[in-house]
Amino acid sequence: ILNVEQSPQSLHVQEGDSTNFTCSFPSSNFYALHWYRWETAKSPEALFVMTLNGDEKKKGRISATLNTKEGYSYLYIKGSQPEDSATYLCAFNNNAGNMLTFGGGTRLMVKP
Amino acid sequence: DAMVIQNPRYQVTQFGKPVTLSCSQTLNHNVMYWYQQKSSQAPKLLFHYYDKDFNNEADTPDNFQSRRPNTSFCFLDIRSPGLGDAAMYLCATSRESLGGAEQYFGPGTRLTVT
């Protein structure tokens, strides 16, 4: 059984704050790490797919880093806005197949 | 512009009464997946299709079946729902089954079992 952990489980921040959260995953047999954003009543939306150790990806105010040797990824949000309120899920690929093992998510709430 | 559509969004069924959830896609992707997410837990893969090839996860209960009559549609059948099957069911697609392929999700169907 693969263990993918996300922390914290939930986070409340004020508008304008920067924040980050963590996804940890097995460091062996790594293939890819996915980040998704899931807003209430909508479909989970892919943010990043990361495959290389040391990878850094950015989309607007959101960025992510990847350390496959130690088995963690960080997601950063700069200057949080209320529309960033969502659950952020990471998911791990451990082989060449595309079966994802998800973490439990970090629920972010940004107060205006 | 809906790409992965799930119907219905909310489904209520009775204990033991068969229920079918549906998923359709306009992306023409080869792979379709079904995930189950119980309250506040991680989504868990139940099974996936690569074209017509069905792949069941080892720990998916026999109570769960799936059908994929064509590229666009995939169904999740729960033969005899128990209270423990109440969950959000997510359908997803990807172009390929290779690791790292982005998965596109539907909005989910929330199943309640009474």
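Scroll up to find the structure this text is about.
The rules behind the values
Residues numbered from 1 in each chain as written. Chains lettered and ligands numbered in written order. Predicted model: local features only at pLDDT ≥ 70, side-chain atom pairs only at ≥ 80, totals over all residues. Heavy atoms only, no water. Pairing = 2+ DSSP bridges. Helix = DSSP H or I, 4+ residues; strand = E, 2+ residues; numbered from the N terminus. Axes fitted to C-alpha atoms, helices over the stretch in contact; angles between N-to-C directions. Buried < 20%, exposed > 50% of the residue type's maximum accessible area, 1.4 Å probe, protein only. Contact = heavy atoms within 4.5 Å. Core = buried A, V, L, I, M, F, W, Y, C linked by side-chain atoms within 4.5 Å.

Participant: When you look at the sheet that holds strand 7 (residues 62–67) of chain A in this model, what are you seeing that I'm missing?
Facilitator: For sheets, the rule is that strands pair by backbone hydrogen bonds, running either parallel or antiparallel. Residues and elements named next belong to chain A. Here we have five strands laid out as an open sheet, ordered 1-3-8-7-6, and antiparallel in their pairing. For this open sheet the edge positions go to strand 1 (5–7) and strand 6 (56–59), each flanked by a neighbour on one side alone. Across the sheet, the mean angle separating the axes of adjacent strands is 15 degrees when strand polarity is ignored.

Participant: Got a minute to help me understand the side chain of Thr93 of chain B in this structure?
Facilitator: Residue and element names in this part refer to chain B. With respect to the helices and strands, Thr93 occurs in strand 9 (residues 87–94). In this structure Thr93 comes out as buried when scored by relative accessible area, which is 0%. Contacts of Thr93, omitting those with residues within four sequence positions, involve Val4, Gln25, Leu27, His29, Val31, Met32, Tyr33, Glu102, Gln103 and Tyr104.

Participant: Any chance you could explain the pairing of strand 7 of chain A here in plain terms?
Facilitator: Residue and element names in this part refer to chain A. Of all six residues in strand 7, five are buried, a share of seventy percent or more. Sheet analysis places strand 6 next to strand 7, joined by four bridges and oriented antiparallel. Counted as the bridge partner of Lys57 is Ala64 from strand 7. Here strand 6 folds back onto strand 7 in antiparallel fashion, the turn holding two residues, of which Gly60 has a positive phi close to 65 degrees. Inspection of the sheet shows strand 7 paired to strand 8 (residues 72–77) by six bridges, in the antiparallel sense. Within strand 8, the position partnered with Thr65 by the bridge is Tyr74. With antiparallel pairing between neighbouring strands as the criterion, strand 7 and strand 8 make up a hairpin whose turn holds four residues, including Gly71 at a positive phi of roughly 75 degrees.

Participant: Help me understand the nonpolar core in this model?
Facilitator: Considering soluble globular proteins, one finds that nonpolar side chains tend to be buried as a cluster. In terms of nonpolar packing, the biggest core is built from 23 residues, with Leu33, Trp35 and Leu75 of chain A touching the most fellow members. Elements represented by at least two residues in this core include exactly strand 2 (10–14), strand 3 (19–24), strand 4 (32–38), strand 5 (45–50), strand 7, strand 8, strand 9 (86–93) and strand 11 (106–111) of chain A. At four residues, strand 9 of chain A tops the list of elements feeding residues into this core. With sequence-adjacent residues up to four places away left out, Leu75 of chain A is seen in contact with Thr19, Asn20, Phe21, Trp35, Leu47, Phe48, Ile62, Ser63, Ala64 and Tyr88 of chain A. Formed by 18 residues, the second largest nonpolar core is a distinct cluster that contains Val19, Trp34, Phe64 and Cys74 of chain B.

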